[in-house]
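# Working through the structure, step by step
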Amino acid sequence: MMSTQLPLPELVGVVITLLFIASATLAFSKWSRLPFTVLLVVVGIALSQLAQNGPVVVQAALHPFAHFQFSAELIMLVLLPTLVFESAFNLDSRQLKQNLFPILALAVPGVLLSTFILGGLISLLTPLEFSTALILGAILSATDPVAVIALFKQLGAPERLTVIVEGESLFNDATAIVLTRILIAIALSGVFTANEVLSGTLNFLGVFLGGILVGWLAARIFGWLLSKVESDPLIEIQLTIVLAYAAFLLAEELFHVSGVMAAVAAGITMGGWGRTKISPSVSEQLSHLWEYFAYVANALIFLLVGLQVNLIALGGALDILLWVLVGMLLSRAVVVYGLLPIVRWMKQTTAISRGYQLVLYWGGLRGAVALALVMSLPQPLYNETLVAVVTGAVLFTLLVQGLSIEPLVKKLGLNEPPLEDRLSKLEGTLEAVRNAAKRIPELKSGGLFSARIAGQLEQEYQQNIDKTYQQLQDLRKDHLSSETERRLLYIHCFATEKVIYYRLFSKGHLSEEVYLDLAHSLTLQTDSMRHQGQVPAYTLHSQTRQMLERKLLIWLSHLPGFARLAEAKRMRYTTRTYEKNWGLYQGGRKVLRELREFKRLDPERSAIDEVAQSYQRWHDNAQQRLDAAAEQLPEFVTAMQTRLARRTLLQGQKEDLQAQAEAGFVPEHVASELIEQLQNPLRNLRGYESHALRLDPVELLHQVPLFQTLSHEELGHLAKQLRNLTLPPGEIIIHKGESGNSMFLIGRGVVRIVRESSEPELQGQEQQLATLLAGDFFGEMALLHKTPRNATCRSITPCVIYELQRDAFEKLIEQYPILQEKVEQVAQARK
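Residues numbered from 1 in each chain as written. Predicted model: local features only at pLDDT ≥ 70, side-chain atom pairs only at ≥ 80, totals over all residues. Heavy atoms only, no water.

So, on to the overall build of the chain. The secondary structure content of the chain amounts to 33 helices and eight strands. A burial count over the chain gives 49% of its 831 residues as buried. Pairs at least 24 residues apart make up 79% of the contacts formed inside the chain by residues separated by at least 6 positions. Summing over all exposed atoms, the chain offers an accessible surface of approximately 40,500 Å²; the carbon and sulfur share of this is 58%. (Helix = DSSP H or I, 4+ residues; strand = E, 2+ residues; numbered from the N terminus. Buried < 20%, exposed > 50% of the residue type's maximum accessible area, 1.4 Å probe, protein only. Contact = heavy atoms within 4.5 Å. Areas by Shrake-Rupley, 256 points an atom, 1.4 Å probe, with all protein chains shown as cover.)

If you want it as structure tokens, here you go:
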């Protein structure tokens, strides 16, 4: 596909040669510290020129590269899906969701603004027609901020800023491609009316959103397939590769929507929701492989850009190119300095400093997408001048802006490593040297080293420890305020906690949903601590959202046919809450242990005490919630703990077999067979133990004094009329003043009956009327007298309750009149 004129053997030889050249260029880039992509373009130009104008021997050797041409389909169908999927897969999907508005504001309006500014200037200042100028503006509006993102990560820029820039690059590629195709259709029709513009706008939305839908559905299907595979790297890696190209091709060829947006949506979905479907043992291999795929795609793309450069055609289009470059710089300035303040004003993102804005502006490089678009123009619009102009624009951004961006960063003073990185480097070095020094006694006891050598090493390492410790203390004294040290220590503990949760998840001790919640919570806490200096009020779900979810569940529970769904949601919430508290308890315990070790090694760090107090409080709160759950839901907690114990033992067996196989004590094929036998039990022990929340209603009814006169058969008949409800703490079961059609029996937990106080001095405050425990019932007044509820009932702890509807209750007291008398007595006592 690179060249229709090359025979297959020569084509394979060209690819192998290009990959070898890319490896050599990467090595030189690391040595010279010059941008890799820029060097690739320069090497590509040099190859092309040597193949055409070099000595005869060189021309013969480089013959395949002479007048080298590649089709636009190579980039659009082979290389672009890889780059887009890899970038989207490694993007934090939750951060993307939180910053979706600013990202779309920069990507969609940004590309539109850039297109019309650039197109308008080109049409005014060059001989190109307006329709052609607009197409050129759209082609050159897609930026490739690879260098900017790399710099931001190196400089420790705010994570939200990095996510916004990377997210914008993904979406604006798709926007530019879709917009270019629409403008081509309008140009070919020869009509540029309001109706055409409206039709084009609707078409743009359909293609853009349709691509997202196709990619999302494809990722959900492949995620389901991945969940059925356990620790099989060949299958799991292959499925992600198929997903990247399947989503792209299905969108483009079958549904005629945006393939780029399909690949973006598939990558984001798989990188967030789908990442936990990938076996932990395969996850690292998968990341390395996709990183390699992206490297190969980038290397080939930028080498091909260099090979594509025609210096003669470029010189002939120089007059147009100069105005195009002016328009590109101006339109980029409008987007960066015009839209970013608006986004910041809307409080959707963290403040972006002037320095970062300038780097973002100057780092708006153009890449292979622009070349692929101009080369794919249909014949009436395609001409060598447009190709030369786009090539020159891409070349300018790569060679001029790409080579000057690092000096710009240094000029702005942004190249200094963040204080956090310098501190982490010294702390890591100190810890590593201390651990290495502990091994010196082993050298002595081994008998292979003399006491003199061991003594010299011991002295060297102690000097190194003292030197590093002094550097650490100087850094803290000169640059580190107590507030900054407190922030950095919190951030370090959050990172440690996240590692702990991943290990618990990889061993099956945390479900994927709980792990994702906890990991995302830590990401938000880290970002807030780094930039605001405090832990946010909430990091998972706001109180407003929790209240709305609870009201929705209550509403669903009263809809015919939705009661079971509402109950399933409640049970899931209870099990997730328990599992989350268990994870918080484990994470807090291990972080506290690390903080105690820090205090032992460095007693002068005052920030340790404050951070330790916070973690001790969080740890104690989690333990209290676990103890309350054990008291109120003993069967459920026992089942969860049994499940955890079984997982732990099976995981230990698996790890021991792997260690024996590596040591050669057990043949590898035998160990693999035994490990395979453990996989199914381990897989089955993942997840929740929600069925333990379901009590035996017959046993419950037998313990209620109200029904003790009924036989076991009669209790069984009554139990069939009960509806099970699992409630978290704080759930309002009955609202004062609402009409009532049921009464409730408490199976597990504590329920409190409250009413607004009638005393003038306590007006507006709640008055506690009663506290009910397991075996008690409430809500009977509305059933007996068909009056509105006279009080509010709220769960105080996790509860399992049973609801008895009016029809069943009336039949019951009709059959057993004595029951009505007992209920009346209880109701009278509560007045």
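If you trace the backbone, Lys736 turns up in the loop between strand E2 (732-734) and strand E3 (742-748). A residue is classified by how much of its surface remains accessible, and Lys736, at 48% relative accessible area, is partly exposed. Sequence spacing of Lys736 and Arg789 is 53 residues, and the spatial spacing of their C-alpha atoms is 5.0 Å. Discounting residues that sit within four places of it in the chain, Lys736 has contacts with Arg755, Arg789, Asn790, Ala791 and Thr792.

With 18 residues, helix H4 (residues 72-89) extends 24 Å from end C-alpha to end C-alpha; this agrees with the ideal 26 Å at 1.5 Å per step. The largest bend in H4 comes to about 45°, at Leu80, with the proline Pro81 one to four residues further on. (Expected span 1.5 Å × (residues − 1). Bend = angle between axes of the 7 residues up to and from the residue.)

The next point concerns the environment of Thr17. Mapped onto the elements, Thr17 comes out in helix H1 (residues 8-32). Only 2.7 Å separates the side chain of Thr17 from the backbone oxygen of Gly13, close enough to count as a polar contact. (Polar contact = N/O pair within 3.5 Å; in protein donor to acceptor, adjacent residues only side chain to side chain.)

Here we take up the pattern of salt bridges. Tallied over the full model, the rule gives eight salt bridges. Notably, a salt bridge pairs Arg486 with Glu610, separated by 3.7 Å at the nearest N-O pair. Within this pair, whereas Arg486 is found in helix H22 (residues 482-506), its partner Glu610 is found in helix H26 (residues 607-632), the two being separated by 124 residues in sequence. Glu610 gets classed as partly exposed once you look at its relative accessible area, which sits at 37%. A cluster of three or more residues bridged by salt bridges with shared partners is formed by Glu483, Arg486, Arg487 and Glu610. (Salt bridge = Lys/Arg side-chain N within 4 Å of Asp/Glu carboxyl O.)

A regular strand places its side chains so that they alternate between the two faces of the sheet. The alternating pattern of strand E7 (residues 792-795) places Thr792 and Arg794 on one face and Cys793 and Ser795 on the opposite face, and all of these are buried. The pairing of E2 with E7 spans two bridges and is antiparallel. Looking across to E7, one finds that Ile732 is bridged to Arg794. Pairing between strand E4 (residues 751-756) and E7: four bridges, direction antiparallel. The residue of E7 that forms the bridge with Ile753 is Cys793. (Pairing = 2+ DSSP bridges.)

All right, on to the confidence of the model for the chain then. For the chain, per-residue confidence averages 79 on the pLDDT scale, and 85% of positions sit at 70 or higher. Per-element averaging of pLDDT across the chain places helix H8 (residues 146-155) at the bottom with 62 and helix H11 (residues 233-254) at the top with 92. (pLDDT = per-residue confidence, 0-100.)

Further remarks concern the sheet that holds strand E8 (residues 799-805). In space, the four strands of this open sheet follow the order E1-E8-E3-E6, with antiparallel pairing throughout. On the outer flanks of this sheet lie strand E1 (722-727) and strand E6 (777-778), each paired with one strand and no other. Here E3 runs beside E6; their pairing, made up of two bridges, is antiparallel. Within E6, the position partnered with Leu745 by the bridge is Phe777. Against the sheet, helix H32 (residues 806-815) touches E3 and E8, its axis set at about 70° to E8. (Axes fitted to C-alpha atoms, helices over the stretch in contact; angles between N-to-C directions.)

In this section: a positive patch on the surface. Together, Arg503, Lys590, Arg593 and Arg596 give the surface a local cluster of positive charge. Counting residues per element, the positive patch draws most heavily on helix H25 (residues 563-601), at three residues. Looking at the element boundaries, Lys590 is found in helix H25. Overall, Lys590 belongs to the partly exposed group, its relative accessible area being 32%. (Patch = residues over 30% accessible without salt bridge, like charges linked within 9 Å, V, L, I, M, F, W, Y side chains within 5 Å. Lys, Arg positive; Asp, Glu negative; His and termini not counted. Charge placed at Lys NZ, Arg CZ, Asp CG, Glu CD.)

It is worth spelling out a nonpolar patch on the surface at this point. There is a patch of nonpolar side chains on the surface, built from Phe28, Trp31, Leu34 and Leu403 and spanning about 440 Å² of accessible area. Structurally, Leu34 is set in the loop between H1 and helix H2 (36-53). Judged by its relative accessible area of 35%, Leu34 is partly exposed.

Of note, His256 is a non-glycine position whose phi angle comes to about 55°, a positive value. Turning to its location among the elements, His256 is positioned in the loop between H11 and helix H12 (259-271).

Formed by 114 residues in total, the largest nonpolar core has its most connected members in Leu136, Leu140 and Val390. It is helix H9 (residues 159-189) that provides the largest number of residues to this core, a total of 14 residues. Among residues more than four places away in sequence, those in contact with Leu140 are Leu118, Val324, Met328, Arg366, Ala370, Val390 and Ala393. In terms of nonpolar packing, the next biggest core, distinct from the first, is built from 32 residues, Ile491, Tyr578, Phe636 and Leu644 among them. (Core = buried A, V, L, I, M, F, W, Y, C linked by side-chain atoms within 4.5 Å.)

Moving on to the sheet that holds E4. Ordered in space as E2-E7-E4-E5, the four strands form an open sheet in which the pairing is antiparallel. Each edge of the open sheet is held by one strand with a lone partner, namely E2 and strand E5 (766-772). Here the strands of the sheet are splayed against their neighbours by 30° on average, with no regard to which way each runs.

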